[in-house]
Amino acid sequence: MTMDDKLAALVDKCASTRGAPAAAELFQHIAQLLSEDVERDARLDRSLRSALFRVARAGAAARSNNPRAALALLDGAWLRCRDERDRATLLAEAERLHAAAVASTFEAAALDAWPDAADAAGPPTTTVPRGERGIHPVIYERVVAAWPAVTRWRSPRYWIAELGARVVPVEVGVEHRDSDLAQQRLVPFGEYVDAVLLPLARGEAASLGGNVCAVSEVVPVTSARTVAYLAQHPLLEQCPQLSRDAGPWPRFVQEAIALGPRAQRGLEPIVSAWVAPRGATTPLHYDRHPNYLCHVVGRKLVYLWPPDAPIPRNAPPAENTSPLDAASLVDACELRADLRPGDVLFIPEGWWHYVVTPVTSVSVSVWF
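Each residue is numbered by its place in its chain's sequence as written, counting from 1. Note on the predicted model: pLDDT of at least 70 is required for a residue's local features to be given, and 80 or more for side-chain atom pairs to be given and counted; whole-chain, interface and lining totals, by contrast, use all residues. Calculation of side-chain values draws on the structure's entire complement of heavy atoms; hydrogens and water are dropped beforehand.

Put simply, DSSP H or I for four residues or longer makes a helix, DSSP E for two residues or longer makes a strand, and each gets a number counted from the N terminus. Looking at the secondary structure, you find Pro 123 in the loop between helix 5 (84-101) and strand 1 (138-140). Sequence separation between Pro 123 and Gly 260 is 137 residues; the distance between their C-alpha atoms is 34 Å. Residue contacts are counted whenever heavy atoms from the two residues lie within 4.5 Å of one another. Each residue touching Pro 123, except ones within four places of it in the same chain, is listed here: Asp 338 and Arg 340.

Right, let's talk about the nonpolar core for a bit. In this structure, Ile 30, Trp 153, Trp 159 and Tyr 192 are the most contacted members of the largest nonpolar core, which totals 95 residues. Top contributing element to this core by residue count: helix 3 (residues 42-62), with 9 residues. Excluding anything up to four places from it in sequence, Trp 153 contacts Trp 114, Tyr 158, Trp 159, Leu 236, Leu 242, Asp 245, Ala 246, Val 296, Val 297, Val 362 and Val 364. For this analysis, a nonpolar core means a set of buried residues of the types Ala, Val, Leu, Ile, Met, Phe, Trp, Tyr and Cys, connected via side-chain atoms within 4.5 Å. Only protein chains enter the accessibility calculation, which uses a 1.4 Å probe; a residue whose area is less than 20% of its type maximum is buried, one above 50% is exposed, and one in between is partly exposed. Core analysis: the next-biggest nonpolar cluster, separate from the first, contains 13 residues, Leu 301, Trp 305, Cys 333 and Tyr 354 among them.

The subject of this paragraph is the pattern of salt bridges. Whenever Lys or Arg places a side-chain nitrogen within 4 Å of a carboxyl oxygen from Asp or Glu, that contact is recorded as a salt bridge. Here the structure, examined in full by the defined rule, presents 14 salt bridges. Arg 299 is the partner of Asp 338 in a salt bridge, and the nearest nitrogen-oxygen pair spans 3.0 Å. Note that Asp 338 is positioned in strand 10 (residues 335-339) and Arg 299 in the loop between strand 8 (291-297) and strand 9 (300-305), a separation of 39 residues in sequence. Accessibility classification places Asp 338 together with Arg 299 in one group, the buried group. The salt bridge involving Arg 340 is made with Asp 338; its shortest N-O contact spans 3.1 Å. Overall, the relative accessible area of 13% leaves Arg 340 in the buried class. In the salt-bridge network here, residues are joined through shared partners; they are Asp 116, Asp 119 and Arg 278.

So, on to the sheet that holds strand 12 (residues 352-356). In a beta sheet, neighbouring strands pair by backbone hydrogen bonds and run either parallel or antiparallel. Reading across the sheet, the 4 strands line up as 7-12-9-10 and stay open at both edges, with antiparallel pairing between neighbours. Across the chains shown, the open sheet's two edge strands, defined by having one partner strand only, are strand 7 (281-285) and strand 10. For this sheet, the mean angle separating the axes of adjacent strands, direction not counted, is 15°. Whether two strands pair depends on DSSP finding at least two bridges between them. The axes are straight lines fitted to the C-alpha atoms, using for helices just the contacting stretch, and the angles between their N-to-C directions are given from 0 to 180°.

Looking now at the packing of helix 2 (residues 23-35) against helix 3. In contact at an axis separation of 9 Å, helix 2 and helix 3 are set at 155° when each is read in the N-to-C sense. Considered as vectors, helix 2 and helix 3 are oriented roughly antiparallel to each other. Crossing angle aside, the handedness with which helix 2 passes helix 3 is left-handed. Touching Ala 23, Leu 26, Phe 27, Ile 30, Ala 31, Leu 33 and Leu 34 of helix 2 are Asp 45, Leu 48, Arg 49, Ala 51, Leu 52, Val 55, Ala 56 and Gly 59, all from helix 3. Angles below 35 degrees are treated as roughly parallel, those above 145 as roughly antiparallel, those between 65 and 115 as roughly perpendicular, and all remaining angles as oblique. Put simply, a crossing is left-handed when the front helix is turned counterclockwise from the back one by less than a right angle, and right-handed when it is turned clockwise.

In this section: the side chain of His 285. You can see His 285 is positioned in strand 7. By relative accessible area, which is 11% here, His 285 ends up buried. A 3.5 Å cut-off defines polar contacts: any pair of N or O atoms within that distance qualifies, except that in protein one atom must be a possible hydrogen donor and the other a possible acceptor, and neighbouring residues in sequence count only when both atoms are side-chain atoms. A distance of 2.8 Å separates a polar side-chain atom of His 285 from the backbone oxygen of Pro 283. Other than its neighbours up to four places away in sequence, His 285 contacts Asn 320, Thr 321, Trp 351, Trp 352 and His 353.

With that out of the way, let us pick up the packing of helix 4 (residues 67-80) against helix 5. Their axes nearest at 9 Å, the elements helix 4 and helix 5 cross at an angle of 155°. The orientation of helix 4 with respect to helix 5, classified from their angle, is roughly antiparallel. As for the relative orientation of helix 4 and helix 5, their crossing is left-handed in sense. Every residue of helix 5 that contacts helix 4 at Pro 67, Arg 68, Ala 70, Leu 71, Leu 74, Asp 75, Ala 77 and Trp 78 is listed here: Arg 87, Leu 90, Leu 91, Glu 93, Ala 94, Leu 97, His 98, Ala 100 and Ala 101. For the contact of helix 4 with helix 5, the per-class residue count stands at 12 nonpolar, 1 polar and 4 charged. Only Asp, Glu, Lys and Arg are considered charged in this grouping, and only Ala, Val, Leu, Ile, Met, Phe, Trp, Tyr, Cys and Pro are considered nonpolar; every other residue, Gly among them, is considered polar.

Moving on: the pairing of strand 12. Most of strand 12 sits out of view: 5 of its 5 residues are buried. The side-chain alternation of strand 12 yields two buried faces, one formed by Trp 352, Tyr 354 and Val 356 and the other by His 353 and Val 355. Two strands pair when backbone bridges link them, and strand 7 and strand 12 are joined in this way by 3 bridges, in the antiparallel orientation. In the strand pairing of strand 12, Thr 281 is matched with Val 356. When strand 9 meets strand 12, the two strands line up antiparallel, connected through 5 bridges. Paired with Tyr 303 across the strands is Tyr 354, a residue of strand 12.

Note on aromatic contacts: the rings of Phe and Tyr and the six-membered ring of Trp form a pair at centre separations within 6.5 Å, being stacked when their planes are under 30 degrees apart, edge-to-face when over 60 apart, and tilted otherwise. Going through the model one piece at a time under the given rule, you end up with 14 aromatic pairs. Arranged with centres 5.0 Å apart and planes meeting at 80°, the rings of Tyr 286 and Trp 352 form a pair that is edge-to-face. With a gap of 66 residues between them, Tyr 286 in the loop between strand 7 and strand 8 and Trp 352 in strand 12 connect regions that are remote in the sequence. Connected via pairs of aromatic rings, a cluster forms that spans Tyr 140, Phe 252, Tyr 292, Phe 346 and Phe 368.

Listed below in structure tokens is the structure:
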């Protein structure tokens, strides 16, 4: 009997047993197999992800009296799923559970503003030119200021109501040059807020539990100086209400998406959310796609250098990052963007940049 056959038998038994008592254990076993950095043929990979889908749904259905446990299984499968139909099924079932799962209140549910919101004031120090997009960075001030997100996402209460119990991958601070895929922790979003965002916004220490995992094929971007960071995650897809908050795209962004490198290859743009704690930084790096960074909450400082700048690179798979401590270079940096809510920064492909978050902030990026 092959591994495929044994796994199928276990999944069949789990899905057909009343209450699916072994679902959580079997889910963790399959998730661990998927996280192992080994070569798998495409058929086995599909079998593992299909098995995870079935086990998650069976386990969630059996845990209707414990919606947070059920939601953890559904979100865990969604984060690892590749089949679009299966992803849609998991997402719909998770959304139905969320209201009941979030009923146990997180501390943030009582707050209407981030504790360091007042610290976002002060004169901008932007030196990136304003104007038409080309091959150089450009800043567009206040062009998405009318997005509902600019108002709604200021409130921790709103975040908790919309996705407090949803499980998300949070990158943990490590040395980027030593990066591998197991640099994330899966935690409920509300726990990330209560354990990381709120304490750091108040000037207190932060800590985060959760299991170390690998659900993303993207090399993590979190700096070793950052406790944790919900970075480059498709949060707007996972929680469609947030997608309705962040839109519509400005016309020039829509045109860039339609004509960009990804569209020319028949690919959709990559839309990611960045929910950063006070003090978060990302290492000096460049992106392999042009990017519009739409800033929504707080402040974000972006320092930029041209592609031909004499900047050393790390070894693969992180060759688009540098071992340099960019914090020592910012005083001499000629281009910087001090982003405020509603601002959009265009970062061309290949431009080096280093990002600092002086206060709790939220951004949405679109690589096109």
